[in-house]
Amino acid sequence: RVLLLHSSSCKYSVSFLSSLFGYQGSDSELKVEKDGVSDSESKVDSGLPEVPVPPDDTPEVLNKALSGLSSRWKNWWVRGILTLAMISFFFFIIYLGPMVLMMIVLCVQIKCFHEIITIGYSVYHSYHLPWFRTLSWYFLLCVNYFFYGETVTDYFFTLVQREEPLRILSKYHRFISFALYLTGFCMFVLSLVKKHYRLQFYMFGWTHVTLLIVVTQSHLIIHNLFEGMIWFIVPISCVICNDIMAYMFGFFFGRTPLIKLSPKKTWEGFIGGFFATIVFGILLSYVMAGVRYFVCPVEFNNDSNSFQVDCEPSDLFQLQDYALPSILESVTGWTTVRLYPFQIHSIALSTFASIVGPFGGFFASGFKRAFKIKDFANTIPGHGGIMDRFDCQYLMATFVNVYIASFIRGPNPTKVIQQLLALRVDQQLHIFNSLKAHLTEKGLLPALEEAAA
């Protein structure tokens, strides 16, 4: 077994060095078989155990109803019906409110983590690595404790300061998080077995990369949600729209292959999905920007001891007049158009969702080809696993979070006041005197006193 493992490792090293220095091989070596895997790739991967192919779990009702159709059209109807069901469920959880959305995000994160870790375990299960799955789930718990603790402390500061147990946990949160992770790290070191050092470190890295891809970015989704549900719904909807419209355009008009990692992706679908997503993003933003429930941040109300979504909408969600370029003015006959500023930002979100977002799917396709599997799981008939549906969403979540921090979010007076109230009295007086001196020096304080009188 050790010799086989060493031989497999050498083959992977040769493959890595060849790809690193640009070696492409001859045309015969690049020939792709019907299963989508080249001969050279099959030889290189011969030492890699294959992941068992999950059985077809399409509901029997659909199989009977679509039995007379070809496999191509049968797959089209199955994907379409299940897509409508998922969209309906998405609308339902939006109706239930932001807290339910956060719980759904957590559940999706756990399921995606489970699917990726299961692939790793399926590949290397024959080596009986000790504590692999236990430590993987333990690290997931530690990372979630850290991120959710940071979120609670940041967004619900008054609630945390009011409850003594929460205040203590918040004060020592990072130390507790580090102690938990350090415990798992020591457990991993103690679990090392002489014959399996390399494999165990492979799987240690596998777990941490999975945590980086899944947990970190799902945490950013929740941060986006706290900024207002519109920052959660519009980006996710744009990715869904692009996925659907690219599939539709590719299905009916696709002729030109887009990328080798996904042979079914076409340029026609890519371009059609782009324009459809831009139009969809502008229209959806116009509908949602006028509703307070969607644009207001999620905040904790101390008086009612509950979470609320109510505010005076910012300028970002107020209709404004925009002058049209001369070319559009000559075509439409309009000199100005009334838009929400958020609609301008939605163009950037839609563009990313349709141009860069699909690369998350291409990355997932490359990952699946590396392990000779079609889908991450068979949770959703016709769609694969949960990770198959969220491979682009995680990349989109990171972009939205960076976009908000760079172009949207400004200083938050509410959070500053909350932090000031948590200080000692002498510290508060010092800040008060410093602020008073600063306003007096600027000539603002006398004006404020006269206005108050």
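What you are looking at is a predicted structure, and each value in this text was computed from that prediction instead of being measured.

So, how was this worked out
- Residues numbered from 1 in each chain as written.
- Predicted model: local features only at pLDDT ≥ 70, side-chain atom pairs only at ≥ 80, totals over all residues.
- Heavy atoms only, no water.
- Disulfide = S-S within 2.5 Å.
- Helix = DSSP H or I, 4+ residues; strand = E, 2+ residues; numbered from the N terminus.
- Buried < 20%, exposed > 50% of the residue type's maximum accessible area, 1.4 Å probe, protein only.
- UniProt positions renumbered as here; feature names shortened; annotations may be inferred.
- 1 Å grid on protein atoms, 1.4 Å probe; cavity = no way out; pocket = protein on both sides within 12 Å on 5 of 7 lines; lining within 4 Å.
- Points joined across faces, edges and corners; volume = space filled by probe spheres on them.
- Nonpolar A, V, L, I, M, F, W, Y, C, P; charged D, E, K, R; others polar.
- Contact = heavy atoms within 4.5 Å.
- Axes fitted to C-alpha atoms, helices over the stretch in contact; angles between N-to-C directions.
- Parallel < 35°, antiparallel > 145°, perpendicular 65-115°, else oblique.
- Left-handed = near helix turned anticlockwise from the far one by under 90°.
- Expected span 1.5 Å × (residues − 1).
- Bend = angle between axes of the 7 residues up to and from the residue.
- Salt bridge = Lys/Arg side-chain N within 4 Å of Asp/Glu carboxyl O.
- Phe/Tyr/Trp six-rings, centres within 6.5 Å; stacked < 30°, edge-to-face > 60°.
- Lys NZ or Arg CZ within 6 Å of the ring centre and 35° of its normal.

Examining the state of the cysteines
Step number 1: Overall, the coordinates contain one disulfide when judged by the stated rule.
Step number 2: Disulfide pairing is shown between Cys296 and Cys311; the S-S distance is 2.1 Å. A torsion of -90 degrees about the S-S bond marks the disulfide between Cys296 and Cys311 as left-handed. Placement of Cys296 in the loop between α13 (292-295) and β3 (299-301) and of Cys311 in the loop between β4 (306-308) and β5 (320-323) is noted, with a sequence separation of 15 residues between them.
Step number 3: On the basis of relative accessible area, Cys296 is assigned to the buried category, the value being 0%.
Step number 4: The class for Cys311 is partly exposed, based on a relative accessible area of 23%.

Here we look at the UniProt feature "transmembrane region" (unreviewed entry) in the protein chain
Step number 1: Summarizing the sequence annotation, UniProt attributes the feature "transmembrane region" (unreviewed entry) to residues 131-148, 175-193, 200-222, 228-253, 274-295 and 342-364 in the numbering used throughout.
Step number 2: Within the segment residues 200-222, helix and strand shares are 100% and 0% respectively, and the terminal C-alpha atoms sit 32 Å apart.
Step number 3: What you have in residues 342-364 is 91% helix and 0% strand, and the ends, taken at the C-alpha atoms, are 31 Å apart.

Overview of empty space enclosed by the protein
Step number 1: Tallied over the full model, the rule gives two cavities of 30 Å³ or more.
Step number 2: Roughly 110 Å³ of volume is contained in the largest cavity.
Step number 3: In terms of lining, the largest cavity is formed by 13 residues, of which the most central are Phe132, Leu135, Phe188, Gln200 and Phe204.
Step number 4: Secondary structure elements with two or more residues in the lining of the largest cavity: α6 (132-155) and α10 (197-226).
Step number 5: Class assignment of the residues belonging to the lining of the largest cavity gives a composition of nine nonpolar, four polar and no charged.
Step number 6: Looking at the second largest cavity, the residues that line it are Ile221, Asn224, Trp231, Phe232, Pro235, Ile236, Gln393, Met396, Ala397 and Val400.
Step number 7: In terms of residue class, the lining of the second largest cavity is built from eight nonpolar, two polar and no charged.

Some words on the side chain of Thr151
Step number 1: Topologically, Thr151 is positioned in helix α6.
Step number 2: With a relative accessible area of 4%, Thr151 lands in the buried category.
Step number 3: Apart from the residues within four sequence positions on either side, Thr151 is in contact with Phe156, His219, His223 and Phe226.

Some remarks on the packing of helix α11 (residues 230-253) against helix α17 (residues 386-408)
Step number 1: Packing of α11 against α17 brings their axes to within 10 Å, and their N-to-C directions diverge by 140 degrees. As judged from the angle between their axes, α11 and α17 are oblique. Between α11 and α17 lies a crossing whose hand is right-handed. Of the residues in α17, those in contact with Trp231, Pro235, Ile236, Val239, Ile240 and Asp243 of α11 are Arg389, Cys392, Gln393, Met396, Val400, Tyr403, Ile404 and Ile408.
Step number 2: Looking at the contact of α11 with α17, its residues break down into eleven nonpolar, one polar and two charged.

A word on α10
Step number 1: Given a rise of 1.5 Å per residue, 30 residues ought to cover 44 Å, and the 43 Å separating the end C-alpha atoms of α10 matches this to within 8%.
Step number 2: Bending of α10 peaks at approximately 30 degrees at the position of Leu211.
Step number 3: Following α10 by one or two positions, Gly228 adopts a phi angle in the positive range, close to 140 degrees.

Description of the pattern of salt bridges
It is possible for side chains bearing opposite charge to pair when their charged atoms get close.
Step number 1: Scanning all chains against the criterion turns up ten salt bridges.
Step number 2: With a closest N to O distance of 3.0 Å, Lys111 and Glu115 form a salt bridge. Taken together, the positions of Lys111 and Glu115, both in helix α5 (residues 98-124) and four residues apart, correspond to about one turn of that helix.
Step number 3: Asp388 serves as the salt-bridge partner of Lys368, at 2.7 Å between the closest nitrogen and oxygen. Note that Lys368 is positioned in helix α16 (residues 358-370) and Asp388 in helix α17, a separation of 20 residues in sequence.
Step number 4: Judged by its relative accessible area of 5%, Asp388 falls in the buried class.
Step number 5: One network of salt bridges, with partners in common, ties together Arg292, Asp310 and Glu312.

Quick word on the packing of α11 against helix α12 (residues 267-288)
Step number 1: The geometry of α11 relative to α12 is characterised by a closest axis approach of 7 Å and an angle of 145 degrees between their N-to-C directions. Of the two possible hands of crossing, α11 and α12 adopt the one that is right-handed. Contacts between α11 and α12 pair Ile230, Ile233, Val234, Ser237, Cys238, Cys241, Asn242, Met245, Ala246, Phe249, Gly250 and Phe253 from the former with Glu268, Gly269, Gly272, Gly273, Phe274, Ala276, Thr277, Phe280, Gly281, Leu284, Ser285 and Met288 from the latter.
Step number 2: Of the residues assigned to the contact of α11 with α12, the class counts are 14 nonpolar, nine polar and one charged.

Things to note about the packing of aromatic side chains
Step number 1: Taken as a whole and assessed by the stated rule, the structure comprises 26 aromatic pairs.
Step number 2: With 5.3 Å between their ring centres and 80 degrees between their planes, Phe188 and Phe201 make a pair best called edge-to-face. Residue Phe188 is found in helix α9 (residues 173-190), and its partner Phe201 is found in helix α10; the two are separated by 13 residues along the sequence.
Step number 3: Since its relative accessible area comes to 46%, Phe201 is described here as partly exposed.
Step number 4: Given a relative accessible area of 6%, Phe188 falls into the buried group.
Step number 5: Aromatic ring contacts, followed pair by pair, group Tyr138, Phe139, Tyr181, Phe188, Phe201 and Phe204 into a single cluster.
Step number 6: Taking the ring centre of Tyr121 as reference, the NZ or CZ of Arg133 above it sits at 4.1 Å.

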